[in-house]
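Observations on the three-dimensional arrangement
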Amino acid sequence: MASKLPMRMKPVSFACASRRSLSSLASTSSVCRPNTPLVQRQSAFRPRAVLPRSFRRSYAEDAAPQAPQVILSPAPTPKKRFRFLRTLWRVTYISLLAGVGYTAYTVWELNHPPEQLDPDPKKKTLVILGTGWGSVSLLKNLDTENYNVVVVSPRNYFLFTPLLPSCTTGTIEHRSIMEPIRNILRHKKAKVSYYEAECTKIDYAKKIVYAKDNSEIKGDNMETEIPFDMLVVGVGAENATFGIPGVREHGCFLKEVGDAQKIRKRIMDCVETATFKDQPAEEVKRLLHMVVVGGGPTGVEFAGELQDFFQEDLLKWVPQIRDDFHVSLVEALPNVLPMFSKQLIEYTESSFKEEHIEIRTKTMVKNVTDKFIEAEVQQPDGTKKLETIPYGLLVWATGNALRPVVKDLMTQIPAQAKARRGLEVNEYLVVNGTENIWGVGDCAVANYAPTAQVAAQEGAFLARLFNTMAKTDAIEDELRDLSAKQATTAGDERNAILGEIRERQRQLRRIKQIGPFQYSHQGSLAYIGAEKAVADVSWFSGNIASGGTLTYLFWKSAYLSMCFSARNRILVAFDWTKAKFFGRDVSRE
């Protein structure tokens, strides 16, 4: 009988395969397996009471190996890697898109000025002389709808002077740092009149400005009179020669665009003349000796730019001048950059030594001829010696002097009789001895250094002051009208008018709380050549002094941010990129 059991179990196994019930399949699993031992196959004939325990054992044995994989241990999720880098990339390209969008909108807005209000003859006439740092900062922040504004200047553009030394060597094109004054005035709320003319005289008693057209093409009316109620003098200063003979005749200044263009031509003339056939050796050395007088930021930056021009471009295209080209910096004081900290001065001097720029301190120029300088040099023992310094190019970058129109105005005001360096002003920049004349920039003396940073802050302060004065006048007019009105009314209407008067008086007290001018020094920057710069920057309660290549990148970013418009920033950045990839142009013009 036992031998016949397998034959009887075959149909049962085929029948089990066709069943869909999981419980039925499990209960017959031991019978359905053809290779199951006989003892296990006989378990199918056990009593029903034994079958559940057998089923539980066999089910547990079969399911146990799979339980950790299917039920108890789900497949682990893959780790997220480089999450920080992905986030940084997203922030970067979103910032770039936002920057591009903002720049595009700024350029579009610059090229699409809005309609302007016509001048109101009932309002006061504010005349602004000059288009320098102080005057343009004033115009930029002034609400022109409060006044009839008139601008008089022989220069119809604003010049970003800190980058002017870079124009002398072709690192930056001069038009990249010029902003037309009409671009500025056209974006004001109310129309502003501009006259390209030079102020020849200010009549303080009559409140009249005399302006003369000095352009090459002159009309029938070459001189005119401009009356004013309020006057801002921001005509700047001239280059100071300290009465040294020959400086104005033979030297080059570095204050205007024309000066940079003249220096550029003179550099290339010296190089080309030095390479002329059969030129004597002594003459070659003289022609290729570039002398810069003045150890301030302008002189130091020009010396650094000039040495860069020689090392990176001239030496490549005119290699025969290798041994004779030489840059010297002459300063009467014991050191250069006197406004910087001692460690930055030492760093600048050591960098100049590495770049082969000669620094001659304690050297005072006494006379200038067309080929050499006579200078008094203080020796280490304290004695003084007169030396002759031959030169091919002389750049004079020292000091400021008063313009004739400022000197004439000072003679008309008794309180300015003792003034020597410029118009003396009070804490609100009002010219001492006057009530309606203000002075900003290099032509005014406010106990601060004559820098662009000071002039810009003075102009912004005057804009706030004038805006406040306009609001004050408007409120005072309203108070007069309300006072007259309440005198003829009674009852609730009069009480309402008195409430308005009290509110206007509170507004007037808040507006009049503007304090005197206070200069906030943001720091000093100077480029020293070889892609290095020095910076003495204010930071909270102290200063941060740094120098090197990273400071040079900060110098670039700071000057880009200070450029007047998006147009200037784009052009300057493009010029830097062009000079980096293609070099500076060595043509004469």
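About the cut-offs
- Residues numbered from 1 in each chain as written.
- Predicted model: local features only at pLDDT ≥ 70, side-chain atom pairs only at ≥ 80, totals over all residues.
- Heavy atoms only, no water.
- Pairing = 2+ DSSP bridges.
- Helix = DSSP H or I, 4+ residues; strand = E, 2+ residues; numbered from the N terminus.
- Axes fitted to C-alpha atoms, helices over the stretch in contact; angles between N-to-C directions.
- Contact = heavy atoms within 4.5 Å.
- UniProt positions renumbered as here; feature names shortened; annotations may be inferred.
- pLDDT = per-residue confidence, 0-100.
- Salt bridge = Lys/Arg side-chain N within 4 Å of Asp/Glu carboxyl O.
- Buried < 20%, exposed > 50% of the residue type's maximum accessible area, 1.4 Å probe, protein only.

Thoughts on the sheet that holds strand 25 (residues 542-548)
With respect to topology, three strands assemble into an open sheet ordered 23-24-25, the strand pairing being antiparallel. The open sheet has two free edges, formed respectively by strand 23 (523-529) and strand 25, since each of these has just one partner strand. With direction set aside, neighbouring strand axes in the sheet form an average angle of 10°. The sheet contact formed by strand 24 (residues 532-539) and strand 25 spans seven bridges and is antiparallel. Paired with W539 across the bridge in strand 25 is G542. Running over the sheet, helix 19 (residues 549-562) touches strand 23, strand 24 and strand 25 and is turned about 70° from strand 24.

Some words on the UniProt feature "transmembrane region" (unreviewed entry) in the protein
Here the UniProt-annotated "transmembrane region" (unreviewed entry) positions come out as residues 88-108. Along residues 88-108 one finds 100% helix and 0% strand; the C-alpha atoms at either end are 30 Å apart.

A short note on the confidence of the model for the protein
Summing up the model confidence of the protein, the mean pLDDT is 86 and the portion of residues at 70 or higher is 85%. The low-confidence segment residues 1-60 (pLDDT under 50) makes 26 contacts with residues lying over four places distant or belonging to another chain.

Describing the pattern of salt bridges
As enumerated under the stated definition, the model contains 16 salt bridges in all. Residue E256 is joined to R155 by a salt bridge in which the shortest nitrogen-to-oxygen separation is 2.8 Å. Residue E256 is located in the loop between strand 11 (252-253) and helix 12 (257-274), and its partner R155 is located in the loop between strand 2 (148-153) and strand 3 (157-159); the two are separated by 101 residues in the primary sequence. For E283, the salt bridge identified is with R286, shortest N-O distance 2.5 Å. One end of the pair is E283 and the other is R286, both in helix 13 (residues 281-287) and three residues apart, which spans about a single turn. Under the relative-accessibility criterion, E283 is labelled partly exposed at 21%.

What to know about the pairing of strand 1 (residues 125-129)
The element strand 1 is extensively covered by neighbouring structure, given that five of its five residues are classed as buried. Side chains T125, V127 and L129 of strand 1 all project onto a buried face; the interleaved residues L126 and I128 project onto the opposite face, where all are buried too. Pairing analysis gives five bridges linking strand 1 to strand 2, with the strands arranged parallel. Looking across to strand 2, one finds that T125 is bridged to N148.

Looking at the sheet that holds strand 15 (residues 363-368)
Strand order in the open sheet made by the three strands is 15-16-17, with antiparallel pairing throughout. Both edges of this open sheet fall to strand 15 and strand 17 (384-390), since each of them pairs with a single strand only. Pairwise comparison of adjacent strand axes, ignoring direction, gives a mean angle of 30° for this sheet. Across seven bridges, strand 16 (residues 372-378) lies against strand 17 in antiparallel orientation. In the sheet register, E374 faces strand 17, and the bridge partner there is T388.

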